[in-house]
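Structural overview
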Amino acid sequence: MSRVRNLGLFLLVTVLFGAVFPVIKVGLVDVPPLLFAAARYYLSAALLLGYALSATDRWRPRTRGDRTAVLAGGTLFIGGTGLSFVGLQFTTSGVGAIVFSLIPILTVLAAWVLLPEERPDRRGLLGVVVGFLGVAIVVRPDPAALGTSVVGELLVLSSAAGVALGTVLVRRSRPTMSVVALTGWAMAVGATVQLGFALALGESLAAVRPTLSALVALVYLAVVGGAVGFVIYFTLLERLGPLEINLIAYLVPVVTVAIGWAFLDEPVVPAMVAGFLVVLVGFGLLTDHEIAAELARLRGAGR
């Protein structure tokens, strides 16, 4: 029964996260991108911290590692996602999700620099190169025709790089607080960073159109795709482990592309499919040892 429950939660969180990029596209029609991102994360932070306060006594930063993790996670992991909100103004949600799926590979690259004990071997480095090749196939950058869509995709890629770097710095900090609480505090810091940049770049509340679709998009991102999604994600992380949970990153773009095609009339072109499959190959090269070990463990458990 627990295996069926875990599978149900896995599929549920994949759908919840897969809808995030299309919902962002809907909200961007009526709300400036950085203000939209800040509002989403402030609300998610309040919900996650409230949950952490009721569920654990490790809800506030106490050690230097905790404070460093909150700062790194807030400014890079969460704050950097503001670039994806900006970038999605110029590209489709499906392409954005595929570019974002490079995060596990970018995380390995960042760990190679900052965590020497986790440096990949030659096969792992080949996986990094193949992953970047896959994204290049999706983005298809052409210096002779650098349009707004490529600029948007590069902004999403920069956002993914920030998430990856923030992930490694959080791991390096060795925090002792609850992961849910850490995420909540990081969201509060990240939202403040996004709000600061929004004001500096001239975004104004006067530009916000308080439509029903914008409100629904905000509530979905903050509550369903944010607080609820992260709680399910961290629950599965404890039950399944990091290898299985990483598969979510590669199923989310499939859901996103399907939703974008069905509800936003976004095209599905062969280059998107081909590039995504190449990214999957890169991930396989990076994690082949872990996959083999996990399969052996599952075979042993089944005897």
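Residues numbered from 1 in each chain as written. Predicted model: local features only at pLDDT ≥ 70, side-chain atom pairs only at ≥ 80, totals over all residues. Heavy atoms only, no water.

Observations regarding the overall build of the protein
Heads up, the condition is: Put simply, DSSP marks the helices as runs of H or I at least four residues long and the strands as runs of E at least two long, and each gets a number from the N terminus on. Buried means the residue's accessible area, taken with a 1.4 Å probe over protein chains only, is under 20% of the maximum for its type, while exposed means over 50%, and partly exposed covers the values in between. Note on contacts: a residue pair is in contact if any heavy atoms of the two residues lie within 4.5 Å.
A tally of regular secondary structure across the protein gives 13 helices and 0 strands. Walking the protein from its N terminus toward its C terminus, one meets helices and strands in the order α-α-α-α-α-α-α-α-α-α-α-α-α. Expressed as a percentage of its 303 residues, the buried residues of the protein come to 49%. Nonlocal contacts in the protein, meaning residues at least 24 apart in sequence, comprise 90% of its contacts between residues at least 6 apart.

Thoughts on the side chain of Thr14
Stated precisely, the cut-off is as follows: Polar contacts here mean pairs of N or O atoms no more than 3.5 Å apart (in protein, one a potential hydrogen donor and the other a potential acceptor; neighbouring residues in sequence count only if both atoms are side-chain atoms).
Relative to the helices and strands, Thr14 is located in helix H1 (residues 2-18). By relative accessible area, which is 4% here, Thr14 ends up buried. For Thr14, the side chain forms a polar contact with the main-chain oxygen of Phe10, separated by 2.8 Å.

Describing the packing of H1 against helix H2 (residues 20-28)
The criterion, for reference: Helix axes are fitted only over the stretch in contact, all axes being lines through C-alpha atoms; the angle between N-to-C directions runs from 0 to 180 degrees. Working rule for angles: under 35 degrees goes down as roughly parallel, over 145 as roughly antiparallel, 65 to 115 as roughly perpendicular, anything else as oblique. In the scheme used here, Gly and all other residues not listed as nonpolar or charged are polar, with Ala, Val, Leu, Ile, Met, Phe, Trp, Tyr, Cys and Pro taken as nonpolar and Asp, Glu, Lys and Arg as charged.
Relative to each other, H1 and H2 sit at 25 degrees, their axes nearing to 5 Å. Of the possible angle classes, the one that applies to H1 and H2 is roughly parallel. Together, Leu16, Phe17 and Gly18 of H1 and Val20, Phe21 and Pro22 of H2 make up the contact between the two elements. When its residues are assigned to classes, the contact of H1 with H2 shows 5 nonpolar, 1 polar and no charged.

Topic: the side chain of Glu266
Operational definition: Neither His nor the chain ends is counted toward charge; the positive residues are Lys and Arg and the negative residues Asp and Glu. Salt bridges are counted wherever a side-chain nitrogen of Lys or Arg sits within 4 Å of a carboxyl oxygen of Asp or Glu.
Along the polypeptide, Glu266 turns up in the loop between helix H12 (242-263) and helix H13 (270-301). No salt bridge is formed by the buried Glu266. Its closest oppositely charged neighbour is Lys25, at 4.9 Å. A distance of 3.4 Å separates a polar side-chain atom of Glu266 from the backbone nitrogen of Gly94. Setting aside residues no more than four positions away along its own chain, Glu266 makes contact with Lys25, Thr92, Ser93, Gly94, Gly260 and Trp261.

Brief notes about H1
The cut-off we apply is this: To estimate the expected span of a helix, subtract one from its residue number and multiply by 1.5 Å.
Under the 1.5 Å per step criterion, the end-to-end length of H1 is 24 Å for 17 residues, consistent within 8% with the ideal 24 Å. Regarding H1, the residues found buried are Asn6, Phe10, Val13, Thr14, Leu16, Phe17 and Gly18.

So, unusual backbone geometry
Generally, phi is negative for residues other than glycine and the peptide bonds are trans, each holding for most cases. At Arg174, a position not held by glycine, the phi torsion is positive, near 55 degrees. Within the fold, Arg174 resides in the loop between helix H9 (148-173) and helix H10 (179-200). The phi dihedral of Asp265 is positive, around 55 degrees, even though this residue is not glycine. With respect to the helices, strands and loops of the structure, Asp265 is situated in the loop between H12 and H13. By relative accessible area, which is 68% here, Asp265 ends up exposed.

Thoughts on the environment of Leu199
Tracing the chain through its elements places Leu199 in helix H10. As a C-alpha pair, Leu199 and Leu34 span 165 residues in sequence and 8.9 Å in three-dimensional space.

Quick look at H2
Within H2, 7 of the 9 residues are buried, which leaves the element mostly enclosed by the surrounding structure. Of all the residues in H2, the buried ones are Val20, Phe21, Pro22, Val23, Ile24, Gly27 and Leu28.

With respect to the nonpolar core
Condition: To define a nonpolar core, start from buried Ala, Val, Leu, Ile, Met, Phe, Trp, Tyr and Cys residues and group those joined through side-chain atoms within 4.5 Å.
Formed by 47 residues in total, the largest nonpolar core has its most connected members in Phe21, Ile24, Phe36, Phe100, Tyr220 and Leu221. In contact with Ile24, not counting residues within four places along its chain, are Phe36, Phe85, Leu88 and Leu221. If you look at the next biggest cluster of nonpolar residues, it comprises 20 residues, including Ile78, Val170, Ala191 and Val231.

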